[in-house]
Amino acid sequence: MGSERRERMRVLGARLRVLRAEAGLTGAALAQRAGVGQPTVSKVETGRMVPSVDVLDRLCRALNLDEPAAREVHDLLVAVESAIATDSETAGLPAGLVVDDAVRVARSVRSFQCVVLPSLLQSAEYARHVFESAPDSTPEVVGRAVAARVERQSLLYEPGRESVFVLTEAVLRTWPGTPALMLAQLDRLLAVESLSTVRLGVIPWRRPVPLLPRHGFTLCDQQAVVIEVFTGERVSVDSAEVAVYEETFDRFHAAAVFGDEARELLLRVMKEFRELRDTVTP
């Protein structure tokens with residue numbers, strides 16, 4: 001995470017902490033009033049978490065902020081969201097965490113993947129394999145990364161967000177671990193696909209792709225694209241590059257099947273993994 005954004009997160013958190021103290025509330029009391037978890041309040045106030053607009057609205061109402069004060073904290077959130085990390089600032093982050101950080105502050109997420117499942121859709125065990133494959137991974141680092149990834153998947157359920165995922169069928173058939181792991185993972189995809197905030201599309205292998213995919217990428221609003229390559233990830237906020245990736249996503253999106261067709265494809269792949277489960281030794 002870039003130093004500028006880190007600093008803006010600290011400023012937002014410190015301001016909310018002062019407002020809570022002025023209201024005479026503990027962190028636990030504020031969390032209860034706002035209908036959020038106490039760890040959420042703690043992480044926001046210490047600059048370790050970027051609140052969604054919905055969470056910030058709840059905190060403002062729970063604090064009974066007047067319009068100028070509420071506008072002030074919302075402006076601080078806008079400042080955080082505008083400070084997306086640059087390429088040089090993201091160097092050295094654990095693989096797979098750049099995309100998570102960029103996705104957290106986006107209201108619209110569009111992700112195309114040709115080999116690995118999007119981070120927001122990964123089960124904990126699938127994510128563990130993703131992080132273990134990173135260079136110089138350790139059990140401690142992997143454990144923290146998996147926990148952070150799973151926590152951030154709550155974004156899928158927030159009203160006001162839209163997440164669109166387009167996968168090639170190869171993603172569903174490129175599997176780590178065991179068939180049992182993939183059965184659980186595909187079952188999660190079926191559950192997520194039913195959410196009103198999510199659209200899940202798959203490009204069947206029987207259908208030609210509009211262009212040969214070279215790597216996965218994730219568009220965050222219309223402001224940034226996270227480009228994923230074998231050695232890591234980088235964030236680009238260059239408007240011309242973002243526009244190219246938006247056009248590319250639209251082409252893959254047009255080739256994908258959604259709704260009943262996507263569910264039928266998922267169920268067919270699950271059937272094949274059940275058959276594999278009886279023949280593959282872990």
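Below is a short write-up of the structure. No experiment lies behind these values; they were computed from the predicted model shown.

1. A look at the packing of helix 8 (residues 124-132) against helix 11 (residues 179-193)
- Axis separation between helix 8 and helix 11 bottoms out at 9 Å; the angle between their running directions is 120°. In terms of axis orientation, helix 8 runs oblique to helix 11. Of the residues in helix 11, those touching helix 8 at Glu125, Tyr126 and His129 are Leu181, Met182 and Gln185.

2. Some thoughts on helix 3 (residues 38-45)
- Burial in helix 3 covers these residues: Thr40, Val41, Val44 and Glu45. Projected onto a plane normal to the axis of helix 3, the buried residues spread over an arc of 125° and lie on a single side.
- One or two steps after helix 3, the chain reaches Gly47, where phi turns positive at roughly 75°.

3. A word on the pairing of strand 5 (residues 224-229)
- With respect to burial, strand 5 is a largely interior element, five of its six residues being buried.
- In this sheet, strand 5 lies alongside strand 4 (residues 217-220) in antiparallel orientation, the contact comprising four bridges. Paired with Leu219 across the two strands is Val225, which belongs to strand 5.
- Between the antiparallel neighbours strand 4 and strand 5 lie three residues, among them Asp221 with a positive phi of about 55°.

4. As for helix 4 (residues 53-62)
- Residues of helix 4 that are buried include every one of Val55, Leu56, Leu59, Cys60 and Ala62, and no others. Mapping the buried residues of helix 4 onto a view down its axis gives an arc of 165°, with all of them on the same face.
- Residue Asn64 follows helix 4 closely and has a positive phi angle near 55°.

Scoring rules and cut-offs
Residues numbered from 1 in each chain as written. Predicted model: local features only at pLDDT ≥ 70, side-chain atom pairs only at ≥ 80, totals over all residues. Heavy atoms only, no water. Axes fitted to C-alpha atoms, helices over the stretch in contact; angles between N-to-C directions. Helix = DSSP H or I, 4+ residues; strand = E, 2+ residues; numbered from the N terminus. Parallel < 35°, antiparallel > 145°, perpendicular 65-115°, else oblique. Contact = heavy atoms within 4.5 Å. Buried < 20%, exposed > 50% of the residue type's maximum accessible area, 1.4 Å probe, protein only. Arc of directions from axis to C-beta. Pairing = 2+ DSSP bridges.

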